[in-house]
Amino acid sequence: MGPFIETLIGGLMAGMLYSLIALGFVLIFKASGVFNFAQGAMVLFAALAMARLAEWLPRFTGLDGKLLVNVIAFAGALAVMVVVAWLVERLALSRLVNQEGITLLMATLGIAYLLEGAGQMLFGNDIYKIDIGLPKDPMFLFEKTFEGGILVSKEDLYAALIAAALVASLSLFFQKTATGRALRAVADDHQAAQSIGIPLSRIWVIVWSVAGFVALVAGMIWGSKLGVQFSLSLVALKALPVVILGGLTSVPGAIVGGLLIGVGEKLSEAYLGPALGGGIEYWFGYVLVLGVLLVRPQGLFGEKIIDRV
Amino acid sequence: MLYRENGQFKTTYAADSQILPIRQDRIAMMLLLIAAFVVIPAVSSEYLLRAVLIPFLILSLAALGLNVLVGYCGQISLGSGAFMAVGAYVAYNCQARFEGMPLVVSLLAGGLGATVLGVAFGIPSLRIKGLYLAVATLAAQFFVDWACLRLKWVTNDSTSGSVSVAHLDLFGLPVESPQARYLLCLAIVVLFALITKNIVRGHIGRSWMAMRDMDVAAAVIGIRPVQAKLSAFAVSSFIIGVAGALWGFVHLGSWEPAAFGINRSFDLLFMVIIGGLGSISGAFFGAAFIVVLPLLLDKLPYWTGLPMDTATASHLALMIFGALIVFFLIKEPHGLARLWATAKEKLRLWPFPH
């Protein structure tokens, strides 16, 4: 029983990390109808910016104190992501309005390549560290009930808490502020939103900036786990099934989908893996999503797809 | 002036429905085929054949297959690398496990293996549409990646995980020199392009295009969605499977599963989009773009004379590649084939403005 609960908790926390990245996809798709394949590259770009700024600040300004440097680096990286969002909207999105889905998809893939190359050229292509003070040692719970206790990684736990806080603050943003309402209006119906005076291009810049913020938080957490290197952009490929499982247009869906896929991956690797040769978690998420889509083609929480003739 | 159709009247239905009704087009195609079959192998260097023309031909075959699925039938598929992999591995197993198996049979067997997988992963397309289908086909990609790595019988129990094909021969003639390999690929590509063009002009092709444009309306007028979608998946994966087998046998010689990873799928999709969705010539344009561009970009530091290390050069190449893709999609979302069609239209009127 002990190992099962351990795998379960590990899966839940891994799932929260996936849903961090999935949130960026969902936000952009909700508001602009674009499936942003560049989200992984944005995570990498943001993480690189933060890691390098945290490195350069003490060197060039003599600032000290990890907290101060990290906060300024975070703010700097956020500013960089806002600039990226503005450039993407200006140069690419505004000229591709009304194109077919697959054209937009390929355009975001091109933007992904562009960001990957630019990030590595501007910030370097070594492995960099992000050190935000997350404790690396594990902790053991319930040592009386289960033998040896249940191993819970403190780092993952803090990351899950940060992700939860992010989701809560995003929900507050969407529900309580005027900009959040404008974003929801644009997500609902572009033309109607435009006709009541909501400036679409500015909303798209805001959405991509918020997605950039989410990418920065995700990059910060994944970067402190894995180190900031090129393979960070491949983490997005693991988050894709989460997006689809939850439904492309649903924020709670991204969370629930993330938890399900995280748990599913870890449990399948532990229990099915040895029978099939190992390495199952590579494709388990995708096959799980395939199965769910056959029953519910719009994902768990997505909008029902209505075909009109 | 040069491209007018004046005086070209058709007197039979067969003549009217030929693929190239304009005489200048037929002459141009004849010249192109003569150049491709006779002139190019004679004058090209080994580098040009091995590094540019053979990959171009094989990838244009794969892009042709993908265009059938994405361009003519409208089903977005991100798993084309997996179909290439299955084609390559099935062909390899045919070649390696059976003594004296003819090359053509192995290649076709590779295509059939990919067809089986394609139909299996095409069944979800009956329920799932659009972007959801794109991610569902990624399941095929990752599953095949894993299977080629972990299932020992796929690689014929190879210890290193990579497989190689010794020597090829076609009906007793050895296919070793670059010229022979080039001619083999060219013959297969021309044959498949002709067959595909005719399939697409027939009633199956029209049913695919109906499903692409509005699948509910197509079902209403009596086109069976199951037949249309699964036949598109079948034909497309057969072509992609043969291309994969060619890629492994002729171009790579020896390969491991990473050769058919997700980057290959993205490359094929780029070729189809940039070349032009729903056009046979578009596959060739797109393949030319994607094959030639990285080679040009790699030479960039040498031409501009700027001193830059290899890392910066490769990052710059990646950036320019991404930027060009976005630029092309903004300028001409219907691809290079549309640009070519526009040019031909203007050529019909030349030298007059209208």
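Please refer to the structure placed before this passage.
A short tour of the structure in this document, coming up. (Residues numbered from 1 in each chain as written. Chains lettered and ligands numbered in written order. Predicted model: local features only at pLDDT ≥ 70, side-chain atom pairs only at ≥ 80, totals over all residues.)

Notes on the overall build of chain A
If you tally the helices and strands in chain A, you get 12 helices and two strands. The N-to-C order of helical and strand elements in chain A reads α-α-α-α-β-β-α-α-α-α-α-α-α-α. Once the C-alpha set of chain A is aligned to its principal axes, its extents read approximately 65 × 60 × 35 Å. Of all 309 residues assigned to chain A, the portion counted as buried reaches 49%. For chain A, contacts bridging at least 24 residues in sequence account for 73% of all contacts bridging at least 6. (Helix = DSSP H or I, 4+ residues; strand = E, 2+ residues; numbered from the N terminus. Buried ≥ 20, exposed ≤ 12 C-beta atoms within 10 Å, placed from the backbone. Contact = placed C-beta atoms within 7 Å.)

Points about the overall build of chain B
Counting its regular elements, chain B contains 14 helices and four strands. Relative to its length of 354 residues, chain B is compact, with a C-alpha radius of gyration of 21 Å against a globular reference of 20 Å. Dimensions of chain B, computed from C-alpha atoms along their principal axes, come out at roughly 65 × 60 × 45 Å. Each of the 354 residues in chain B was classed as buried or not, and the buried ones make up 44%. Restricting to contacts in chain B with at least 6 residues of sequence separation, those with at least 24 account for 75%. (Rg over C-alpha atoms; globule rule 2.2 N^0.38 Å.)

As for the packing of helix α9 (residues 235-246) of chain A against helix α6 (residues 130-150) of chain B
Two elements in contact, α9 of chain A and α6 of chain B, have axes whose closest approach is 10 Å; the angle formed by their N-to-C orientations is 135 degrees. The angle between α9 of chain A and α6 of chain B falls in the class oblique. Read as a crossing pair, α9 of chain A and α6 of chain B show a hand that is left-handed. Facing α9 of chain A, whose interface residues are L240, P241 and I244 of chain A, α6 of chain B presents Y132, V135 and L138 of chain B. Residue classes in the contact of α9 of chain A with α6 of chain B are distributed as six nonpolar, no polar and no charged. (Axes fitted to C-alpha atoms, helices over the stretch in contact; angles between N-to-C directions. Parallel < 35°, antiparallel > 145°, perpendicular 65-115°, else oblique. Left-handed = near helix turned anticlockwise from the far one by under 90°. Nonpolar A, V, L, I, M, F, W, Y, C, P; charged D, E, K, R; others polar.)

Some points on helix α1 (residues 2-32) of chain A
Owing to its 3.6 residues per turn, the α-helix aligns residues three or four sequence positions apart on the same side. Residues and elements named next belong to chain A. With 31 residues, α1 should cover 45 Å at 1.5 Å per step; its first-to-last C-alpha distance of 45 Å lies within 8% of that length. For α1, the principal kink sits at I21 and spans about 30 degrees. Burial runs high along α1: 24 of the 31 residues are buried. With its phi angle positive at about 70 degrees, G33 sits one or two positions after the end of α1. (Expected span 1.5 Å × (residues − 1). Bend = angle between axes of the 7 residues up to and from the residue.)

Some details on the nonpolar core
Residues V43 and M50 of chain A together with L246 of chain B are the most contacted members of the largest nonpolar core, which totals 207 residues. At 17 residues, helix α8 (residues 200-226) of chain A tops the list of elements feeding residues into this core. Beyond its immediate sequence surroundings of up to four residues, M50 of chain A is in contact with A73, F74, A77, I130, L216, G219 and M220 of chain A. (Core = buried A, V, L, I, M, F, W, Y, C linked by C-beta atoms within 7 Å.)

Quick notes on the environment of E345 of chain B
Residue and element names in this part refer to chain B. Positionally, E345 belongs in helix α14 (residues 336-349). Classification of E345 by C-beta neighbours within 10 Å gives exposed; the count is 10. A C-alpha to C-alpha distance of 9.2 Å links E345 and Y3, two positions 342 residues apart in sequence.

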